[in-house]
Amino acid sequence: MTSEQIRRWKLALGDDDMDGLGERDQRLGHALSALYASETRGKRGGLGASSPKVSRWLGDIREFFPAPVVQIIQKDAFERLNLKALMLEPEFLATLEADVHLVADLISLRGAMPERTLETARMAIDKVVEELMQRLRAKTVEKLSGALNRSRRTRRPRHADIDWPRTIRANLRHYQERYNTVVPETLIGFARKTRTRADLDHVVLCVDQSGSMATSVVYASIFAAVMASLPVLSTKLICFDTAIVDLTEELADPVKVLFGVQLGGGTDINAALAYCETKIDRPGKTHLVLVTDLCEGGHAASMLARVAAFKQAGVNVIVLLALSDDGRPSYDVRNASAIAAMDCPVFACTPDQFPDMMACALTRQDIGQWASANGIDLVRGAS
């Protein structure tokens, strides 16, 4: 074995065999062993109850690993070693690497936080929200603010709206043999719709805020805030567990929205849909995006009947089983299949896919085809 292979094996074995490792590698080995020591060898990881000790451990892993890996290790530590109690301490909270999972944890814990910790928590949440807004806003605005009207043409299109096949055909006489290319003298593209207030599309984001949907709530709240800033849309955000919270009036401040969310509790989708029904006055212009795992704690048959009634009235119903980066969601297969059988798209969506999905919905394109083209698995309807 090479010296590098020996080094890696010693780090993998952790505290059992640190002989011959340098001081930095020993710190790395101890940092990983504190969390991942194998229980099969009669050992348990542990960081102790000391906040300074945990802070030093966090400092070590930040030194050894890039931020995405730190976030994974940090998440593992919360789950395996029950470190959430330490998040009530502002000094400890200030040392954490903030990400969407931390935001979800802070929202769920804020009712237990002392006043001196709340401001630190707000700062951490504000930092993550600002980063996510920068990442997600530009694409969302671009996709949604100017839905294309492909029945009209213009000779002064924006670059993204150029109809290249028509433009090339119209400029074939300008073919440059020397350069083997066409130099377009005239651009032909799609005109964009201009919408009056009376012709607005209405988007209702109805979001399950039970504990299993934590990161979906964070992303949905940010997208709702972005969409609410667009004059071409009317956007509502309704969060629910067994209670219902209408956060539409708070959408100008995404951080305030997140502090209005109550993560945890049961799930009453039927009651949430009944509330949404009172907020829909133009069904044919309304897109209802239901973000939930469909694990109904209320009356499932009534919930399915409401979805069917929405479809019958002309509402464009879309069910997102998850809005997160975490991979495959866990969901109620029976309810998902029943809704899919109503010709409603039911699938999981990543944040980066959401703007494209909404643009597809707003232009009434086939979301099933869009999902297939993007490698997204749709839930199949029950036969």
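Residues numbered from 1 in each chain as written. Predicted model: local features only at pLDDT ≥ 70, side-chain atom pairs only at ≥ 80, totals over all residues. Heavy atoms only, no water.

Our focus in this paragraph is the overall build of the protein. Looking only at helices and strands, the protein has 15 helices and 10 strands in total. Looking at the protein as a whole, 47% of its 383 residues are labelled buried. Within the protein, residue pairs in contact and separated by at least 24 positions form 74% of the contacts whose partners lie at least 6 positions apart. Total accessible area computed for the protein in this model is approximately 19,200 Å², and 49% of it derives from carbon and sulfur atoms. (Helix = DSSP H or I, 4+ residues; strand = E, 2+ residues; numbered from the N terminus. Buried < 20%, exposed > 50% of the residue type's maximum accessible area, 1.4 Å probe, protein only. Contact = heavy atoms within 4.5 Å. Areas by Shrake-Rupley, 256 points an atom, 1.4 Å probe, with all protein chains shown as cover.)

Between helix α6 (residues 100-109) and helix α9 (residues 214-228), the shortest axis-to-axis distance is 9 Å and the interhelical angle comes to 100 degrees. Here α9 runs roughly perpendicular to α6, going by the angle between their axes. Contacts from V100, H101, V103, A104 and I107 in α6 reach A214, T215, V218 and Y219 in α9. (Axes fitted to C-alpha atoms, helices over the stretch in contact; angles between N-to-C directions. Parallel < 35°, antiparallel > 145°, perpendicular 65-115°, else oblique.)

This part takes up the sheet that holds strand β7 (residues 244-246). With mixed pairing, the 6 strands of this open sheet are ordered in space as β7-β6-β5-β8-β9-β10. Bordering the open sheet on either side are β7 and β10 (346-349), each of which pairs with just one other strand. Here the strands of the sheet are splayed against their neighbours by 25 degrees on average, with no regard to which way each runs. Alignment of strand β5 (residues 201-208) against strand β8 (residues 286-291), held across 6 bridges, turns out to be parallel. Residue H202 lies in a different strand from β8, and its bridge partner there is T286. In this fold α9 packs onto β5, β6 (233-240), β8 and β9 (316-323), with an angle of close to 160 degrees to the strand it touches most, β5. (Pairing = 2+ DSSP bridges.)

As a further point, take the pattern of salt bridges. All told, the structure shown has 7 salt bridges when counted by the stated rule. The shortest N-O distance in the salt bridge between D325 and R135 comes to 3.9 Å. One end of the pair, D325, is in the loop between β9 and α13 (333-340); the other, R135, is in helix α7 (residues 115-145), with 190 residues separating them in the sequence. For R135, a relative accessible area of 37% gives the class partly exposed. Put simply, E250 and K256 hold a salt bridge, and the shortest N to O gap is 3.3 Å. You can call K256 partly exposed: its relative accessible area is 44%. In this structure, a network of salt bridges that share partners links the residues R135, D325 and D352. (Salt bridge = Lys/Arg side-chain N within 4 Å of Asp/Glu carboxyl O.)

To continue, consider the packing of aromatic side chains. Enumeration according to the criterion identifies 2 aromatic pairs in this entry. Relative to W370, the ring of F347 lies with its centre 6.2 Å away and its plane at 55 degrees, an arrangement referred to as tilted. In this pair, F347 is assigned in strand β10 and W370 in helix α15 (residues 367-373), connecting sequence segments 23 residues apart. Across the pair, W370 and F347 agree in class, each one buried. Positioned over the ring face of F259 is R122, at 4.5 Å from the centre of the ring. (Phe/Tyr/Trp six-rings, centres within 6.5 Å; stacked < 30°, edge-to-face > 60°. Lys NZ or Arg CZ within 6 Å of the ring centre and 35° of its normal.)

In this section: α6. Of all 10 residues that make up α6, 9 are buried, and the element is covered over most of its length. Buried within α6 we find V100, H101, L102, V103, A104, D105, L106, I107 and L109.

Another point: the packing of helix α12 (residues 300-313) against α13. Remark: α12 packs on α13, axes separated minimally by 10 Å, with the N-to-C direction vectors making an angle of 25 degrees. If you check the angle between α12 and α13, you find them roughly parallel. In this structure, α12 meets α13 at a crossing whose hand is right-handed. Contacts between α12 and α13 pair A300, M303, L304 and V307 from the former with N335, A338 and I339 from the latter. When the residues that make up the contact of α12 with α13 are grouped by side-chain class, the tally is 6 nonpolar, 1 polar and no charged. (Left-handed = near helix turned anticlockwise from the far one by under 90°. Nonpolar A, V, L, I, M, F, W, Y, C, P; charged D, E, K, R; others polar.)

With 78% of its residues at a pLDDT of at least 70, the protein reaches an overall mean of 80. Confidence drops under a pLDDT of 50 for residues 38-44, and excluding neighbours within four residues, the segment shows 8 contacts in the predicted structure. Contacts for the low-pLDDT stretch residues 147-151, under 50 throughout, to residues beyond four places or in other chains number 14 contacts. (pLDDT = per-residue confidence, 0-100.)

What follows is about the side chain of D293. Residue placement: D293 occurs in the loop between β8 and α12. Here D293 occupies a buried position and makes no salt bridge, while the nearest side chain of opposite charge, R334, is found at 15 Å. Here C295 takes part through its backbone nitrogen, which lies 3.1 Å from a polar atom of the side chain of D293. (Lys, Arg positive; Asp, Glu negative; His and termini not counted. Polar contact = N/O pair within 3.5 Å; in protein donor to acceptor, adjacent residues only side chain to side chain.)

Moving on: a negative patch on the surface. The grouping of D126, E130, E131 and D253 at the surface amounts to a negative patch. Positionally, E131 belongs in helix α7. (Patch = residues over 30% accessible without salt bridge, like charges linked within 9 Å, V, L, I, M, F, W, Y side chains within 5 Å. Charge placed at Lys NZ, Arg CZ, Asp CG, Glu CD.)

Before going further, it helps to spend a moment on the environment of P184. With respect to the helices and strands, the residue P184 is situated in the loop between β3 (181-182) and β4 (189-192). For P184, a relative accessible area of 37% puts it in the partly exposed group. Taking the C-alpha atoms as reference points, P184 and L172, separated by 12 residues in sequence, lie 8.2 Å from one another. Apart from residues lying up to four places away in sequence, P184 is in contact with T167 and N171.

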